[in-house]
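Residue strings, one per chain:
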Amino acid sequence: MFKTKKILIFISLFFFVLIIPAFLLTINYFKENSKINLQSILSKTNLITHNGTPINEIIFLNKPTFLFFGFTHCPEVCPTTLSNLTNNINQSKLNNLKYNIIFVTLDPERDDIKNLGNYIENFNDSIIGITGDIKEIDRFAKNWNVYWEKVNIDNQDYTINHTATVFIHDSQGNYSGTIAWGENDTSIQIKLKKLFNL
């Protein structure tokens, strides 16, 4: 009986020493590989900027990046979001720091390079417009679980319902949070200062 008990203790110790570390390593593996890295995703994406440059040729590291999905015919959410974001950056006295704002259209049918370029001129030169094939845009958007759908208004016009969240990425391209639609300025500025380590 004593011998059996000794064997059971040995088996238990074996399980603890071998299985538990393996379990922890597995958790850590999935945790590390589940991180969203903007630069890594963009390097595998076949879309173009409003200047016609392939997005996978641009390096976005060494400065924070704000990612937003929308469309130029958006009546309120998109222009308000981009304006609020740039205004909060200016109010937080961060406008002298380097950063990117990426605006990805969900309406490439209307938002070609020319229209996208004309649209973002209304904001500031830190905004990079992205367009391209709708299937590639959809694949790219799924990395952030972006919801969107085309809604017909009549036989000649349509709008797009979509996620109105700004996705924040640090200077290494790692996802680090969001700015919600309608979020108050105080909350946004706290997030901005944390992002820029101020």
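Criteria and thresholds
Residues numbered from 1 in each chain as written. Predicted model: local features only at pLDDT ≥ 70, side-chain atom pairs only at ≥ 80, totals over all residues. Heavy atoms only, no water. Buried < 20%, exposed > 50% of the residue type's maximum accessible area, 1.4 Å probe, protein only. Helix = DSSP H or I, 4+ residues; strand = E, 2+ residues; numbered from the N terminus. Arc of directions from axis to C-beta. Contact = heavy atoms within 4.5 Å. Polar contact = N/O pair within 3.5 Å; in protein donor to acceptor, adjacent residues only side chain to side chain. Salt bridge = Lys/Arg side-chain N within 4 Å of Asp/Glu carboxyl O. Pairing = 2+ DSSP bridges. Axes fitted to C-alpha atoms, helices over the stretch in contact; angles between N-to-C directions.

### Structural notes on helix H6 (residues 185–195)
Turning to step 1, where the next piece is worked out: Every buried residue belonging to H6 is among Ile-188, Gln-189, Leu-192 and Leu-195, and all of these are buried. In a view along the axis of H6, the buried residues occupy a sector of 120°, so they form one face of it. The exposed set on the far side of H6, more than 90 degrees from its buried face, consists of Thr-186, Ile-190 and Lys-194.
Turning to step 2, where the next piece is worked out: Elements in contact with the buried residues of H6: strand E2 (65–70), helix H3 (77–91), strand E7 (166–169) and strand E8 (175–179).
Turning to step 3, where the next piece is worked out: The backbone nitrogen of Thr-186 has a side-chain oxygen 3.2 Å away, supplied by the residue at the start of H6, namely Asn-184.
Turning to step 4, where the next piece is worked out: Directly after H6, the chain includes Asn-197, whose backbone phi takes a positive value near 55°.

### Description of the pattern of salt bridges
Turning to step 1, where the next piece is worked out: In this structure the tally under the stated criterion is 6 salt bridges.
Turning to step 2, where the next piece is worked out: Between Glu-136 and Arg-139 there is a salt bridge, and its shortest N-O distance comes to 2.6 Å. Of this pair, Glu-136 and Arg-139 both sit in helix H5 (residues 134–141), separated by 3 residues, roughly a single helical turn.
Turning to step 3, where the next piece is worked out: Put simply, Asp-138 and Lys-142 hold a salt bridge, and the shortest N to O gap is 3.5 Å.
Turning to step 4, where the next piece is worked out: A residue is classified by how much of its surface remains accessible, and Lys-142, at 55% relative accessible area, is exposed.
Turning to step 5, where the next piece is worked out: When salt bridges that share partners are traced, they join Asp-107, Arg-110 and Asp-157 into one network.

### Side note on the sheet that holds E8
Paired through backbone hydrogen bonds, the strands of a sheet run either parallel or antiparallel to each other.
Turning to step 1, where the next piece is worked out: Judged by pairing direction, the sheet is mixed, and its 6 strands sit side by side in the order E1-E4-E3-E2-E7-E8 without closing on themselves. The outermost strands of the open sheet, each flanked by one partner alone, are strand E1 (48–49) and E8.
Turning to step 2, where the next piece is worked out: Where E7 and E8 come together, 4 bridges link them in antiparallel fashion. Residue pairing for E8: Val-166 is matched across the bridge by Ile-179.
Turning to step 3, where the next piece is worked out: Taken strand by strand, H6 contacts E2, E7 and E8, and its axis lies near 160° from that of E8.

Limitation: the analysis is restricted to geometry and does not speak to function.
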